[in-house]
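# Coordinates in review
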Amino acid sequence: MAVQPASTEIATRTASIIQEFKALEGPLLPILHGVQGEFGYVPQEALRVIADELNLSRAEVHGVASFYHDYRKEPGGRHVLKVCQAEACQSMGSDATTARIKQLLGIDFHETAKDGSVTLEPVYCLGLCACSPSAMLDGEVIGRLDNEKIDEIVEAVRS
Amino acid sequence: MIPRIFIPDDSGAVALGADKVAKAIEKELKERGIEAKIVRNGSRGAYFLEPMVEVACDAGRVAYGPVKVSDVKGLFDSGFLKGSHHKRWLGDPAKIPFLAKQTRLTFARCGIIDPLSLDAYERHSGLKGLRKAIAMQPADIVKQVTDSGLRGRGGAGFPTGIKWKTVLDTAADQKYIVCNADEGDSATFADRMIMEGDPFVLIEGMAIAGIATGATKGYIYIRSEYPHAVAKMNRAVEIARKAGVLGVKVLGSAHAFDMEVRVGAGAYVCGEETSLLNSLEGKRGVVRAKPPLPAIQGLFGKPTVINNVISLASVPIVMDKGAEYYRDFGMGRSRGTIPIQIAGNVKHGGLFETAFGLTLGEIVDDIGGGTASGRPVKAVQVGGPLGAYFPRGLFDTPFDYEEFAKRDGLIGHAGITVFDDSADMLKMARFAMEFCAVESCGKCTPCRVGAVRGTETIDRIAAGIEPEKNLTLVTDLCNTMKFGSLCALGGFTPYPVMSALTHFPEDFKPAPVRAAAE
């Protein structure tokens, strides 16, 4: 598992992210993106700092952070693999490709491998619907998933 | 002349290996000591040919595709830099049937130019619409957009000019232009393609909207699933700002307009305009009740134009060529062109911009070429996860807002997913309910609770538990969701469910019967 930074360190780093975005209109989402980019998840400790700085209640910040699928409550794996589950991918057999990925990685959706190598997430459309089924590994797009490409992905996340 | 090699960096092309092909070509150029310029263009949208590499040489532009890394050496050996023949040779890209049959107005430049070259943009008629708008009165710009017949391409089909007029007529110290680039519907990628392939046309459209309505600030809300589009738009905005297209004096005029790119956080419902506004404000993406209309009280309570990417990207050509030019394309009350996105289990998948009016059958069979699997087409879903499933019996439906409504469907953002005969329509109906449950913002009970109960009830039908009674229950539930939800998520989920039920009743028969039939 990734080592979680101490709470004072989280507070300091969060404060500097807030300074970067505070002047924007509606700064909360950009701040949360910044925090997730920095830590790989949105730590509880960060929520308190954000609430104080933006003059919001902690409940309001928690409400926003928990509304959106993107923000993680705990650290993810070193790699994040998103596999599209939407209709166009289903029409091209994503059920079977997804099952194979889950089996090879030994994890289900929303889970992280025990060795911390990869977190598996469903995604509803990557806009690659004319080259289905598709996936995204750490922001890198992959179309027309087949066994060969799945093997490459599994190898990449394990190395 | 030094040959130019065009290799798309559109994420669809990249997903099929365009970056690797680009690297291989670069390496080969170096090793052979050949001088050539590599341009990373957008995609022309023929994804069955991607990665499609084009060479601009004395013979004009010559395309090759789909190019694999293993083809690269052979391409050089056969002299592709001069447009010579090779097994991947496609000839003049404009003459490829899938592209030649299109009417490209909004996507005129996409896949042709370097998306981040403002010079290339201007050479290909860019900024002409904005220059004309600057010389006009705001009310005249709004009138021209209204007269063009342009309707919201996000799905609702509301006349763009009417929205603009409301914002223009509402006095306020600050007004906003918000571009909805939260393109979450499966089978749609037109917004992504234009942002990656011709970002300046969207910037130009937003600037025109600003001048027309008196708004000085714009936001583009792009979904986080589109990192390439986010990066491209950010760079394009920066370039436009440096060149004075954006800023306190738009192209040296008295108008101020600037914009910012914002990134969503994975909530499908934020494609709904009022939840998008809440999200931009930094709140939970919960749907707002209308009225007040966003045009009167939108972002931060100020008058706001909120339009889809394609609506805004179609404005420059309307301003440049005139309302009549645009309006003369299309049929009925659906005027102009529509970028149809053909996706899923289809042989020739991609973006096909054409005037309204083609029939669904022409799109799926003639242009799409039938299924990729070679099996018969069973159903096509039109309009994303909230759109109806159409059987072959309805393939004579013309692509038009009203004609689709008459057949209990919608064209939505014009995405079409093709399914072959292996599709299980009960499973697709269940998925529609499940998706609604996952993505519901929670504001309306019919959507929040109904979608969960709908999934459970369809599961009971699949298990053969009181199927007749449960089918009646699903139908009744769909009725409640349709009329009891504030937005299209809860309100339109009944479309895929009911169309699957109506057109494919055999898939909803009790399990033992279904098993025996197979």
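Residues numbered from 1 in each chain as written. Chains lettered and ligands numbered in written order. Predicted model: local features only at pLDDT ≥ 70, side-chain atom pairs only at ≥ 80, totals over all residues.

### Examining the overall build of chain B
Our working definition: The helix and strand labels rest on DSSP assignments: H or I over at least four residues marks a helix, E over at least two residues marks a strand, and numbering proceeds from the N terminus. Our radius of gyration is a C-alpha quantity, and the globule rule it is checked against amounts to 2.2 Å times the number of residues to the power 0.38. Buried means a residue has 20 or more other C-beta atoms within 10 Å of its own C-beta, exposed means 12 or fewer, and partly exposed covers the counts in between; C-beta atoms are placed from the backbone. Working definition of a contact: two residues with C-beta atoms, positioned from the backbone, lying within 7 Å.
A count of helical and extended segments in chain B gives 23 helices and 16 strands. Scaling as 2.2 N^0.38, a compact globule of 518 residues should have a C-alpha radius of gyration of about 24 Å, and chain B matches this with 24 Å. Dimensions of chain B, computed from C-alpha atoms along their principal axes, come out at roughly 75 × 60 × 40 Å. By the burial criterion, 58% of the 518 residues in chain B qualify as buried. Of all intrachain contacts in chain B linking residues separated by at least 6 positions in sequence, the fraction that spans at least 24 positions is 73%.

### Side note on the overall build of chain A
Along chain A, the regular secondary structure elements total seven helices and five strands. Counting from the amino terminus, helix and strand elements in chain A follow one another as α-α-α-α-β-α-α-β-β-β-β-α. By its C-alpha atoms, chain A is 50 × 30 × 25 Å across when sized along the principal axes. Counting across all 159 residues of chain A, residues that qualify as buried make up 42%.

### Quick word on the sheet that holds strand S16 (residues 415–420) of chain B
All names here are of chain B. Applied cut-off: What makes two strands pair is DSSP finding at least two bridges between them. In this description, a line fitted to the C-alpha atoms serves as the axis of each element, helices being fitted only across the stretch in contact, and the angle between N-to-C directions of two axes falls anywhere from 0 to 180 degrees.
Strand order in the open sheet made by the five strands is S13-S12-S16-S14-S15, with mixed pairing throughout. Each edge of the open sheet carries a strand with a single partner, namely strand S13 (350–355) and strand S15 (389–391). Recorded for the sheet is a direction-independent mean angle of 30° between the axes of neighbouring strands.

### Examining the sheet that holds strand S7 (residues 217–222) of chain B
Residue and element names in this part refer to chain B. Read from one edge to the other, the open sheet built from four strands follows the order S8-S7-S6-S9, with strand pairing classed as parallel. Looking at strand neighbours, the two that pair on one side only are strand S8 (258–263) and strand S9 (304–308), the edges of this open sheet. Strand-to-strand twist across the sheet, computed as the mean angle between neighbouring axes with direction ignored, equals 20°. Bridge analysis of S7 against S8 gives six bridges, and the strand direction is parallel. When the sheet's bridge partners are listed, Gly218 is paired in S8 with Met259.

### A few points about unusual backbone geometry
All names here are of chain B. Cis geometry marks the peptide bond from Gly65 to Pro66; its omega dihedral reads -10°. Mapped onto the fold, Pro66 is located in the loop between strand S4 (60–64) and helix H3 (72–77). Unusually for a residue other than glycine, Leu251 sits at a positive phi of about 50°. Position of Leu251 among the secondary structure elements: in the loop between helix H11 (227–242) and S8.

### As for the nonpolar core
Residues and elements named next belong to chain B. Test applied: Core membership is restricted to buried Ala, Val, Leu, Ile, Met, Phe, Trp, Tyr and Cys residues, and these are joined into a nonpolar core through C-beta atoms within 7 Å.
Val178, Cys179 and Ile194 are the most contacted members of the largest nonpolar core, which totals 217 residues. Considering every element that reaches this core, the biggest residue donor is helix H10 (residues 199–213), with ten residues. When near neighbours in sequence (up to four residues on either side) are disregarded, Ile194 contacts Phe107, Cys110, Val201, Leu202, Val309, Ile310 and Ala313.

### Brief notes about the domain arrangement of chain A
One widely used convention gives an interface's size as the accessible area the parts lose upon coming together. The cut-off we apply is this: Note that domain bounds follow an automatic or database assignment of domains.
Domain boundaries assigned for chain A yield domain 1 (7–67) and domain 2 (79–158). Look at where the C-alpha atoms of domain 1 of chain A and domain 2 of chain A centre, and you get two points 30 Å apart.

### Here we look at the pairing of strand S1 (residues 79–84) of chain A
Side chains on a regular strand alternate between the two faces of the sheet. Residues and elements named next belong to chain A. Pairing of S1 with strand S3 (residues 118–123) involves six bridges; the strand directions are parallel. Pairing of Leu81 across the sheet is with Leu120, part of S3. In this structure, S1 lies alongside strand S4 (residues 135–137), joined through three bridges in antiparallel fashion. Residue Val83 lies in a different strand from S4, and its bridge partner there is Ala135.

### A closer look at the interface of chain A and chain B
This is how the line gets drawn: Basically, the charged four are Asp, Glu, Lys and Arg, the nonpolar ten are Ala, Val, Leu, Ile, Met, Phe, Trp, Tyr, Cys and Pro, and anything else, Gly included, counts as polar.
Every contact between the two is made by 34 residues of chain A and, on the other side, 46 residues of chain B. Those elements that provide at least two residues to the side of chain A that touches chain B are helix H2 (28–39), helix H4 (58–67), helix H5 (87–91) and strand S5 (140–142) of chain A. Along the lines of polarity and charge, the residues of the side of chain A that touches chain B split into 20 nonpolar, ten polar and four charged.

### As for the environment of B:Leu99
All names here are of chain B. Note that Leu99 resides in helix H4 (residues 97–100). Leu99 gets classed as buried once you count the C-beta atoms within 10 Å, which come to 22. Note: C-alpha distance between Leu99 and Phe352 (253 residues apart in sequence) is 7.6 Å. Non-local contacts of Leu99, meaning those with residues more than four positions away in its chain, are made with Arg44, Ala46, Pro93 and Ala94.

### Topic: the packing of helix H1 (residues 7–21) of chain A against helix H3 (residues 44–54) of chain A
Residue and element names in this part refer to chain A. So the rule is basically this: Here roughly perpendicular refers to angles of 65 to 115 degrees, roughly parallel to angles under 35, roughly antiparallel to angles over 145, and oblique to all remaining angles. Each helix crossing is assigned a hand: it is left-handed if the near helix lies turned anticlockwise from the far helix by less than a right angle, otherwise right-handed if that turn is clockwise.
Remark: H1 packs on H3, axes separated minimally by 9 Å, with the N-to-C direction vectors making an angle of 40°. Considered as vectors, H1 and H3 are oriented oblique to each other. Note that H1 runs across H3; the crossing there is right-handed. Contacts between H1 and H3 pair Ser7, Ile10, Ala11, Thr14, Ala15 and Ile18 from the former with Glu45, Ala46, Val49, Ile50 and Glu53 from the latter. Grouping the constituent residues of the contact of H1 with H3 by class yields seven nonpolar, two polar and two charged.

### Brief notes about helix H7 (residues 138–147) of chain B
Residue and element names in this part refer to chain B. Quick reminder of the rule: The arc in question is the one traced by the directions running from the helix axis out to the C-beta atoms.
All of the buried residues in H7 are Ile141, Val142, Gln144 and Val145. Around the axis of H7, the buried residues are gathered within 160° of arc, so they sit on the same side. Contacts from the buried residues of H7 go to helix H6 (128–134), helix H8 (160–169), H10, helix H13 (309–321) and helix H14 (323–327).

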